[in-house]
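These are the residues of each chain, in order.
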Amino acid sequence: MSERMVNTPGLDIATEAFGDPAHAPVLLIMGGGASMLWWPAPFCEQLAGRGRYVIRYDQRDTGRSTKVVAGDPPYTLDDLAADAVRVLDAHALPGAHLVGMSLGGIIGQLVALQHPTRVLSLTAMSSSPFGVDTSRLPRSSEAYRQHLATAEHVEWSDREQVIAYSLAEARLLAGTAHPFAEDAARAFYERDYDRSGGYATLANFEWRGGEPWQGRLPELQPPLLVIHGTADPVYPIAHGEEFLKVVAGARLVRIPGGGHELHPDDWDTMIDAIAEHTCHA
């Protein structure tokens, strides 16, 4: 693997690549407030081992990418979609297979709508259809919403307090199929927190942007794969199923008991599905 910084005026994006650049490119887009480490290196290596050139990157305000003043984000969904294209450009890739997790799946949908010739295929994991009326679908779990409401009481400069809050969230995001690995989760948050220089800008995002693409998801051109846990507490499985009603030819792979997570015990199923989906273009 090799790490490189994508530099544009006023914005630096940290990226890392795995595998042979001659292989089919796959761009991994993580969710809101999540650095590239949320795509674990062994996951990336296993996918690269299936004949893919895998790139992950730090979203704005995470990891080693540019951060702005906490609480005053000057960017929108459209900017985050443009960032994905910037990464493709920096790696001299005319197109790639996009795999987006949570908010990353929504960003991937926007990129695919805005730049269909740059997207060979799209995989939306633990995500929700963009620009579709989902008000009739189940909301995030009550426990998860209550947890988010406590964020305003966290002292974000206090490492232990932030890691405790993050661990509590990780427990809520976990599914029902596997035991929660407390020690591994803590070690991950400690590493991610230190690499990012803290989590002060973790919540720096507002759900703005993409207005011209509201209601246009049925126009999606790249083939769509949906991977969704049946016990996802953030976007319940009905959100994954909704894609099938909106996008012609979409395919859904259910992760039994899976939460809003990339649990190692589910990697084989996920990677098999992504490898199969990305082998046709």
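Residues numbered from 1 in each chain as written. Predicted model: local features only at pLDDT ≥ 70, side-chain atom pairs only at ≥ 80, totals over all residues. Heavy atoms only, no water.

Novice: Describe empty space enclosed by the protein, with residues and values.
Specialist: Applying the stated criterion across every chain, the model contains two cavities of 30 Å³ or more. Estimated volume of the largest cavity: approximately 60 Å³. Taken together, 13 residues make up the lining of the largest cavity; nearest its centre are Gly229, Ile255, Gly259, Glu261 and Met270. The leading source of residues in the lining of the largest cavity is strand β7 (residues 224-229), at three residues. Grouping the constituent residues of the lining of the largest cavity by class yields five nonpolar, six polar and two charged. (1 Å grid on protein atoms, 1.4 Å probe; cavity = no way out; pocket = protein on both sides within 12 Å on 5 of 7 lines; lining within 4 Å. Points joined across faces, edges and corners; volume = space filled by probe spheres on them. Helix = DSSP H or I, 4+ residues; strand = E, 2+ residues; numbered from the N terminus. Nonpolar A, V, L, I, M, F, W, Y, C, P; charged D, E, K, R; others polar.)

Novice: How would you explain the sheet that holds strand β6 (residues 119-125) if you had to name every residue and give the values?
Specialist: Across the sheet, eight strands lie side by side as β1-β2-β4-β3-β5-β6-β7-β8; this open sheet has mixed pairing. At either margin of the open sheet sits one strand with a lone partner, and together these are β1 (2-8) and β8 (251-255). Taking the axes of each pair of neighbouring strands and ignoring which way they run, one obtains an average angle of 20° across the sheet. As defined by bridge partners, β1 adjoins strand β2 (residues 11-18) across seven bridges and the pair is classed as antiparallel. From the neighbouring strand, Arg4 faces β2, where its bridge partner is Thr15. Contacts from helix α3 (residues 103-114) reach β3 (24-29), β5 (96-101) and β6, with the element oriented near 145° to β5. (Pairing = 2+ DSSP bridges. Axes fitted to C-alpha atoms, helices over the stretch in contact; angles between N-to-C directions. Contact = heavy atoms within 4.5 Å.)

Novice: Please set out unusual backbone geometry residue by residue, giving values where relevant.
Specialist: One non-glycine residue, Asp61, lies in the positive phi region at around 70°. Inspection of the secondary structure assignment puts Asp61 in the loop between β4 (52-57) and α2 (77-90). The exposure class assigned to Asp61 is buried, which follows from its relative accessible area of 5%. Positive phi, close to 60°, is recorded for Ser102, a residue that is not glycine. Within the secondary structure, Ser102 is located in the loop between β5 and α3. Given the relative accessible area of 12%, Ser102 is considered buried. (Buried < 20%, exposed > 50% of the residue type's maximum accessible area, 1.4 Å probe, protein only.)

Novice: Break down the packing of helix α4 (residues 142-149) against helix α5 (residues 159-173) for me, citing the residues and quoting the values.
Specialist: It is the contact of α4 with α5, at a shortest axis distance of 10 Å, that shows an interaxial angle of 165°. The orientation of α4 with respect to α5, classified from their angle, is roughly antiparallel. Crossing of α4 against α5: the hand is left-handed. Packed against α4, whose contacting residues are Ala143, Tyr144, His147 and Leu148, the element α5 presents Tyr165, Ala168, Glu169, Leu172 and Leu173 at the interface. (Parallel < 35°, antiparallel > 145°, perpendicular 65-115°, else oblique. Left-handed = near helix turned anticlockwise from the far one by under 90°.)

Novice: Describe the pairing of β6, listing the residues and the values that go with them.
Specialist: For β6, the tally of buried residues reaches six of seven residues, placing the bulk of the element in the interior. Summarising the sheet, β5 and β6 pair through six bridges and their orientation is parallel. Within β6, the residue paired with Gly100 across the bridge is Ala124. Read as a crossover between parallel neighbours, the route from β5 over α3 to β6 is right-handed. Relative to β7, β6 is paired through four bridges, and the arrangement is parallel. By the bridge assignment for β7, Ala124 is matched with Val226. (Right-handed = clockwise from strand over helix to strand, strands pointing away.)

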